[in-house]
Amino acid sequence: ISRNVSTDEQISSPLQIFGKAKKQINEIFVDILSYVAEASERIKDVNDKCPNVINTNELKSIIDYEFKVKGICEVLTRDHMKVAFFGRTSNGKSTVVNAMLGDKVLPSGIGHTTNCFLQVEGSQSGEAYLVTEGSNEKQNVESVSHLAHALNHEKQLNEKELVHVYWPKDRCVLLRDDVALVDSPGVDVTPHLDDWIDNHCIDADVFVLVANAESTLMVTEKNFFHKVSSKLSKPNIFILNNRWDASANEPEFLDQFNSQDQVRKQHMERATDFLVKELKVCTTEEASSRIFFISAKEVLQARVQERKGLSLNSGALAEGFSTRYMEFEEFERRFEECISKSAIKTKFLNHSQQGKHLIKDMLKIMDTIYNRSQEQKNLKLNEIKKCQEKLNYTEQSLISITNEMKMKIHQMVDDVEDKVSKALSD
Ligand code: GDP
């Protein structure tokens with residue numbers, strides 16, 4: 001099955017390439033499904049009419065293929081790009097998620113420590129609700145305070161659990177384009193890092209370490225990413241040095257170094273060493289587009305203002321706001337390219353290979369059945385031919401026997417006639 005890539009739709013963000021690829025592969029699998037379903041119907045029909053042509057294994061495989069393709073189609077519709085945020089408590093993970101969503105979706109700040117995993121994804125129905133692990137119940141969420149209240153009152157929640165927060169797709173571009181954002185409890189509060197990775201991160205396309213620009217990378221933060229990279233080959237990791245606005249306004253902190261540039265240089269070197277030398281997940285050149293200095297709080301504030309119809313920078317701003325805002329946008333651009341590429345590769349490559357194998361196997365079985373039916377047809381034709389020859393021979397024999405008999409009878413009649421006429425004349 002071949003399908004042309006249509007070029008008529010405009011792509012404005014790399015995330016849309018994922019959406020387009022998903023649409024195309026979905027359409028291909030819908031075609032495969034109808035082909036497999038038709039083949040399975042026909043095979044069942046042939047089996048009813050000629051029970052000895054198809055063996056039970058072949059019949060079972062063809063029916064199984066139909067289920068498999070249906071399964072892949074279902075997984076495909078649920079496939080999304082996933083980004084997971086980690087870091088120590090209060091580094092600003094929830095604020096970064098909110099800034100990227102452009103709205104206060106997750107509760108953040110004092111008294112709102114995220115004590116379980118929260119996955120924000122687009123809601124198909126347009127309603128905002130949450131679903132806790134192991135439950136199908138949709139709890140309506142009208143606002144961020146409502147969500148905070150609901151999370152605080154979920155007694156059974158623990159740090160290993162995952163709560164799905166479904167948020168209207170039309171409110172955030174990332175959600176519309178099928179990105180799921182996972183906020184985590186602080187890496188400093190758990191001894192269960194392995195379980196976290198196995199349960200919630202193994203399928204993440206991108207990891208974002210939200211670090212505090214006012215301090216250096218902590219051992220707990222580094223440990224977590226060492227574990228991630230031992231379980232996944234070359235994970236995509238971004239490091240956000242958050243609260244960059246605070247360090248800009250912190251003369252005591254800056255006094256130790258001469259300028260913010262120097263602080264930046266030192267953070268950059270350490271973070272680069274961590275990604276390149278310790279984790280070995282990227283090259284030094286790549287690291288420069290993986291490490292950013294941002295203020296999630298400022299970006300969130302500005303975007304909330306913008307939503308209200310006010311200008312981006314209408315609030316009281318710390319020095320260097322526009323540069324930090326632009327750096328956040330640069331992070332988002334790099335992030336979008338990276339997550340879209342990674343998700344297409346990990347999710348769709350696998351599906352398309354499965355699809356190809358399935359069709360190949362199915363073709364092989366159909367070929368075997370076809371060849372067997374041809375053999376059986378030829379055998380039957382041979383049998384018919386032999387019967388025909390026998391019949392011909394019998395027919396010939398009968399003709400010659402009949403002719404012989406006829407001659408003999410004629411002869412006998414002639415003899416009798418002769419004898420009678422002789423007797424009469426005597
Ligand atoms: P989390 O525990 O990592 O999810 O951290 P939160 O997102 O809840 O943030 C903790 C506190 O830090 C909140 O009061 C935020 O408003 C504040 N915060 C987050 N990002 C920034 C930032 O870039 N600059 C400043 N000054 N404060 C921030």
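For clarity, every value in this text was computed on a predicted model and none was experimentally measured.

### With respect to the overall build of the chain
Okay, so step 1: Within the chain, the secondary structure is distributed over 13 helices and nine strands.
Okay, so step 2: Put simply, the chain has 426 residues, and 42% of those count as buried.
Okay, so step 3: Within the chain, counting contacts between residues at least 6 apart in sequence, those at least 24 apart form 78% of the total.
Okay, so step 4: If you sum the accessible surface of the chain, you get close to 24600 Å²; carbon and sulfur atoms cover 51% of it.

### Considerations on the packing of aromatic side chains
Okay, so step 1: Throughout the structure, instances matching the rule amount to 19 aromatic pairs.
Okay, so step 2: For the pair Phe-18 and Phe-348, a centre-to-centre distance of 5.0 Å together with 25 degrees between the ring planes defines the contact as stacked. Of this pair, Phe-18 sits in helix α1 (residues 14-49) while Phe-348 sits in helix α13 (residues 321-425), placing them 330 residues apart in sequence.
Okay, so step 3: Their ring planes at 90 degrees and their centres at 5.0 Å tell us that Phe-117 and Trp-196 sit as a pair that is edge-to-face. Taken together, the residues Phe-117 in strand β2 (residues 117-123) and Trp-196 in helix α6 (residues 193-201) connect sequence positions 79 residues apart.
Okay, so step 4: Through pairs of rings, three or more aromatic residues link up here, namely Phe-86, Phe-117, Trp-196, Phe-207, Phe-224 and Phe-225.
Okay, so step 5: Between the NZ or CZ atom of Lys-138 and the centre of the ring of Tyr-129, over which it lies, the distance is 4.8 Å.
Okay, so step 6: Looking at Arg-290, its charged tip hangs above the ring of Phe-238, at a distance of 5.0 Å from the centre.

### Considering a negative patch on the surface
Okay, so step 1: Taken together, the side chains of Asp-414, Asp-415, Glu-417 and Asp-418 present a region of like negative charge at the surface.
Okay, so step 2: Within the secondary structure, Asp-415 is located in helix α13.
Okay, so step 3: Residue classification places Asp-415 among the partly exposed positions, given a relative accessible area of 39%.

### Digging into the state of the cysteines
Here a disulfide denotes a covalent bond joining the sulfur atom of one cysteine to the sulfur atom of another.
Okay, so step 1: Evaluated as defined, the whole model comprises zero disulfides.
Okay, so step 2: With no disulfide of its own, Cys-338 has Cys-282 as its nearest cysteine by sulfur position, at a separation of 10.0 Å.
Okay, so step 3: Cys-387 takes part in no disulfide bond, and the closest cysteine sulfur, belonging to Cys-50, lies 19 Å away.

### Digging into the pairing of β2
Okay, so step 1: In terms of burial, β2 is a largely internal element, seven of the seven residues being buried.
Okay, so step 2: Examined bridge by bridge, β2 and strand β5 (residues 162-168) share seven bridges and lie parallel to one another. Counterpart to Ser-123 in the pairing with β5 is Pro-168.
Okay, so step 3: As paired elements, β2 and strand β6 (residues 179-183) share three bridges and run antiparallel to each other. When the bridges of β6 are listed, Val-120 appears paired with Leu-181.

### Points about the nonpolar core
Okay, so step 1: In terms of nonpolar packing, the biggest core is built from 70 residues, with Leu-181 and Phe-335 touching the most fellow members.
Okay, so step 2: Here this core takes 13 residues from α13, the largest share from any one element.
Okay, so step 3: Leaving out residues up to four positions away in the same chain, Leu-181 has contacts with Val-83, Phe-85, Val-97, Met-100, Leu-101, Leu-118, Gln-119, Val-120, Leu-174 and Leu-175.
Okay, so step 4: Formed by 32 residues, the second largest nonpolar core is a distinct cluster that contains Ala-84, Val-187, Trp-196 and Val-263.

### Here's the deal with the confidence of the model for the chain
Okay, so step 1: On average, residues of the chain score 86 in pLDDT, and 90% of them are at 70 or above.
Okay, so step 2: For the stretch residues 1-8, pLDDT sits under 50, and the model shows ten contacts to residues farther than four places along the chain or on other chains.
Okay, so step 3: Across the interface, the model reports ipTM at 0.99; the global pTM reads 0.81.

### Focus: helix α10 (residues 260-278)
Okay, so step 1: When the terminal C-alpha atoms of α10 are compared, their 26 Å separation across 19 residues agrees well with the 27 Å that a helix rising 1.5 Å per residue should span.
Okay, so step 2: The positive-phi residue at the C-terminal boundary of α10 is Lys-280, with phi of around 55 degrees.

### Notes on the packing of α1 against helix α2 (residues 56-78)
Okay, so step 1: Running from amino to carboxyl end, α1 crosses α2 at an angle of 160 degrees, the nearest separation of the two axes being 9 Å. With respect to α2, the element α1 is oriented roughly antiparallel. Of the two possible hands of crossing, α1 and α2 adopt the one that is left-handed.
Okay, so step 2: The class makeup of the residues in the contact of α1 with α2 is 16 nonpolar, four polar and five charged.

About the criteria used
Residues numbered from 1 in each chain as written. Predicted model: local features only at pLDDT ≥ 70, side-chain atom pairs only at ≥ 80, totals over all residues. Heavy atoms only, no water. Helix = DSSP H or I, 4+ residues; strand = E, 2+ residues; numbered from the N terminus. Buried < 20%, exposed > 50% of the residue type's maximum accessible area, 1.4 Å probe, protein only. Contact = heavy atoms within 4.5 Å. Areas by Shrake-Rupley, 256 points an atom, 1.4 Å probe, with all protein chains shown as cover. Phe/Tyr/Trp six-rings, centres within 6.5 Å; stacked < 30°, edge-to-face > 60°. Lys NZ or Arg CZ within 6 Å of the ring centre and 35° of its normal. Patch = residues over 30% accessible without salt bridge, like charges linked within 9 Å, V, L, I, M, F, W, Y side chains within 5 Å. Salt bridge = Lys/Arg side-chain N within 4 Å of Asp/Glu carboxyl O. Lys, Arg positive; Asp, Glu negative; His and termini not counted. Charge placed at Lys NZ, Arg CZ, Asp CG, Glu CD. Disulfide = S-S within 2.5 Å. Pairing = 2+ DSSP bridges. Core = buried A, V, L, I, M, F, W, Y, C linked by side-chain atoms within 4.5 Å. pLDDT = per-residue confidence, 0-100. Expected span 1.5 Å × (residues − 1). Axes fitted to C-alpha atoms, helices over the stretch in contact; angles between N-to-C directions. Parallel < 35°, antiparallel > 145°, perpendicular 65-115°, else oblique. Left-handed = near helix turned anticlockwise from the far one by under 90°. Nonpolar A, V, L, I, M, F, W, Y, C, P; charged D, E, K, R; others polar.

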